[in-house]
Amino acid sequence: MRFAFQIPHPVMKISVFLWNGKYIIELEWMSYKQSYKISEEAVSGEKDIQRLCNEDFLSAALHRFTDMHQSFKSTYELSKS
């Protein structure tokens with residue numbers, strides 16, 4: 001897997017990689033990750049990837065991160081009792 005570029009964001013780390021004919025968009029927040037694979041043929045490059053990472057998509061991803069965190073936190077608390 002080869003690093004391609006990073007997309008600036010105030011809350012998440014957004015990295016884009018190239019691997020096996022696909023772009024992999026990797027979103028990171030706290031200790032959580034989300035990955036999305038897109039065929040290189042489906043987009044024309046960095047500009048298209050940046051357009052895909054629009055406000056609606058990133059807002060939904062951040063919501064999933066908070067859901068992931070709450071779920072893990074609940075499970076962790078139950079395991080301690």
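Attention here is on the structure that accompanies the text. (Residues numbered from 1 in each chain as written. Predicted model: local features only at pLDDT ≥ 70, side-chain atom pairs only at ≥ 80, totals over all residues. Heavy atoms only, no water.)

Attention shifts here to the side chain of S15. Inspection of the secondary structure assignment puts S15 in strand β2 (residues 13-19). For S15, a relative accessible area of 2% puts it in the buried group. Setting aside residues up to four positions removed in sequence, S15 forms contacts with F3, F5, Q6, I24, I25 and E26. (Helix = DSSP H or I, 4+ residues; strand = E, 2+ residues; numbered from the N terminus. Buried < 20%, exposed > 50% of the residue type's maximum accessible area, 1.4 Å probe, protein only. Contact = heavy atoms within 4.5 Å.)

Taken as a whole, this structure holds 2 salt bridges when the rule is applied. Put simply, K33 and E26 hold a salt bridge, and the shortest N to O gap is 3.7 Å. The class for E26 is buried, based on a relative accessible area of 11%. The partner of R51 in a salt bridge is D48, with the nearest N and O atoms 2.4 Å apart. Of this pair, R51 and D48 are both found in helix α1 (residues 46-52), 3 residues apart, which corresponds to roughly one turn of the helix. (Salt bridge = Lys/Arg side-chain N within 4 Å of Asp/Glu carboxyl O.)

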